[in-house]
Amino acid sequence: MKASIAFDEARGVRFSTYAVPVILGEIKRLFRDGGMVKVSRSLRELSLKLNRYKDEFIAQNGREPTIGELSRHSGESEEMVAQAIEASQPTVSLTVQSEDGSNETDIPIDSSEEEILNSMTLKRALEKLDERDRNLLILRYFRSKTQTQTAQVLGMTQVQVSRREKKLLGILREEFL
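Residues numbered from 1 in each chain as written. Predicted model: local features only at pLDDT ≥ 70, side-chain atom pairs only at ≥ 80, totals over all residues. Heavy atoms only, no water.

Quick look at helix H8 (residues 147–154)
One full turn of an α-helix is made of 3.6 residues, so residues set three or four places apart face in the same direction. For H8, the set of buried residues is Gln147, Thr150, Ala151 and Leu154. When H8 is viewed along its axis, its buried side chains cluster within an angular range of 100 degrees and face the same direction. The exposed residues of H8 that point more than 90 degrees off its buried face are Gln152 and Val153. For H8, the secondary structure elements touched by its buried residues are helix H7 (131–142) and helix H9 (158–176). (Buried < 20%, exposed > 50% of the residue type's maximum accessible area, 1.4 Å probe, protein only. Helix = DSSP H or I, 4+ residues; strand = E, 2+ residues; numbered from the N terminus. Arc of directions from axis to C-beta. Contact = heavy atoms within 4.5 Å.)

Some points on unusual backbone geometry
In this structure, serine 144 is a non-glycine residue whose phi angle is positive, near 55 degrees. Inspection of the secondary structure assignment puts serine 144 in the loop between H7 and H8. Take serine 144: its relative accessible area is 62%, and that puts it in the exposed class.

Overview of the packing of aromatic side chains
A full pass over the atoms with the stated rule returns 3 aromatic pairs. Ring centres of phenylalanine 7 and tyrosine 18 lie 5.8 Å apart, and the angle between their planes is 50 degrees; this geometry places the pair in the tilted category. Remark: tyrosine 18 occurs in helix H2 (residues 15–33) and phenylalanine 7 occurs in the loop between helix H1 (2–6) and H2; sequence separation between them is 11 residues. What makes tyrosine 18 partly exposed here is its relative accessible area of 23%. (Phe/Tyr/Trp six-rings, centres within 6.5 Å; stacked < 30°, edge-to-face > 60°.)

Looking at H9
Taking 1.5 Å per residue as the helical rise, H9 with its 19 residues ought to reach 27 Å, and the 27 Å between its terminal C-alpha atoms agrees with that figure. Inspection of H9 places Val161, Glu165, Leu168 and Leu172 among the buried residues, and these make up the whole buried set. Looking straight down H9, one finds that the buried residues subtend no more than 75 degrees of arc, so they occupy a single side. Of the exposed residues in H9, the ones pointing more than 90 degrees away from its buried face are Arg163, Lys166, Lys167, Arg173 and Glu174. (Expected span 1.5 Å × (residues − 1).)

Everything listed here is a matter of coordinates, which is why it stays silent on function.
Put into structure tokens, the structure is as follows:
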């Protein structure tokens, strides 16, 4: 179709002379691009360049380079680097094989209603606690503080925090049953 649309008789060549290279080029492009999602050639080339540099960087430094480091090395924006890295990732199929062998397109996910209900239950349970106990749980589970750090903030020992936390988790567990 592309060859027939773009063909111009005014050039003085036969259609077959024009169409064969166009069709071969499209076939080669199809095999070269391969994937389900079409990615521009420049993005694919940048991705290959970044992957080679990333391998060298890991060998020299023992860690993965950051997006900023890749950006500085390539001279591309951080956004473009992130797109190139994402474009090089393999596609993920949304089809799940069922036990009976038929394909299904539904992927089981957690119910948003259940998540909302759990969040509301947790909020209600935390409100029932006194302020010191609530702060202990907030520091531990919402601010990712260690028991020692939490103890320092609350003026307790690490052992006291550990024992109180265990008791509070038991109380919260009962709320969810």
